[in-house]
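Secondary and tertiary structure notes
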Amino acid sequence: MWEDRGDRIDHDGPTTLWAQVVADIEADITAGILSGGSRLPTELELAEIYGVARGTVRRAVADLAERSVVVVVHGRGTFVATSE
């Protein structure tokens, strides 16, 4: 599921890299590919998967968490928020 996604990121486009990562993850959630409670890869793994810097992934995860799309549990990981 989390194969190389570097081709989904346009490094030269007008949209910031972190916003492209956010959009890609949100698209998977909307499509039902990632369901509530699903664990995302670590920041380092996501950086490798998307071919971006770890700071880019950190910004993307922070944005998703701020909007309650994902929940970050310190020491456990990042999970897709459940709709309760």
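Quick note: structure is the one above.
I will try to describe carefully the structure that is included in this document. (Residues numbered from 1 in each chain as written. Predicted model: local features only at pLDDT ≥ 70, side-chain atom pairs only at ≥ 80, totals over all residues. Heavy atoms only, no water.)

1. Structural notes on the nonpolar core
Quick note on the threshold: Buried residues of nine kinds, namely Ala, Val, Leu, Ile, Met, Phe, Trp, Tyr and Cys, make up a nonpolar core once their side-chain atoms join them within 4.5 Å. Here the term buried applies to any residue with accessible area under 20% of the maximum for its type, exposed to any over 50%, and partly exposed to those in between, with areas from a 1.4 Å probe on protein chains only. Elements are defined by DSSP. Helices are runs of H or I of four residues or more, strands are runs of E of two residues or more, and each kind is numbered from the N terminus.
Core analysis: the biggest nonpolar cluster contains 19 residues, and Trp2, Val21, Ile25, Leu46 and Tyr50 have the highest contact counts within it. Looking at this core, the elements with two or more residues in it are α1 (17-30), α2 (43-50) and α3 (54-66).

2. Side note on the side chain of Asp63
Spelled out, the test is: In the analysis that follows, any N or O atom pair within 3.5 Å is treated as a polar contact, provided that within protein one partner can donate a hydrogen and the other can accept it, and provided that, for residues neighboring in sequence, both atoms belong to side chains.
One can find Asp63 in helix α3. Side-chain polar atoms of Asp63 contact the side chain of Arg67, separated by 2.9 Å.

3. Looking at the packing of aromatic side chains
Note the cut-off: Only the six-membered ring of Trp is used, alongside the rings of Phe and Tyr, when aromatic pairs are assigned; centres must lie within 6.5 Å, and planes under 30 degrees apart are stacked while those over 60 apart are edge-to-face, with the rest tilted. Geometrically, a charge over a ring is one whose NZ (Lys) or CZ (Arg) sits within 6 Å of the ring centre while staying within 35 degrees of the ring normal.
With the rule as written, the count across this model stands at zero aromatic pairs. If you follow Arg59 out to its NZ or CZ, it ends over the ring of Trp18, 4.0 Å from the centre.

4. Remarks on the packing of α2 against α3
In a pair of packed helices, the angle between the axes and the distance between the axes together describe the arrangement. We apply this condition: Each axis is a line fitted through C-alpha atoms, and for a helix only the stretch in contact is used; angles between axes span 0 to 180 degrees, taken between their N-to-C directions. Between 65 and 115 degrees an angle is taken as roughly perpendicular, under 35 as roughly parallel, over 145 as roughly antiparallel, and anywhere else as oblique. Should the near helix be turned anticlockwise from the far one by less than a right angle, the crossing is termed left-handed; should it be turned clockwise, right-handed. Residues count as neighbours in contact if any of their non-hydrogen atoms are within 4.5 Å of one another.
For the pair α2 and α3, interaxial distance at closest approach is 8 Å and the crossing angle is 110°. Put simply, α2 runs roughly perpendicular to α3. Both α2 and α3 take part in a crossing whose hand is right-handed. Residues Glu43, Leu44, Leu46 and Ala47 of α2 touch α3, and the partners they reach there are Arg54, Val57, Arg58 and Val61.

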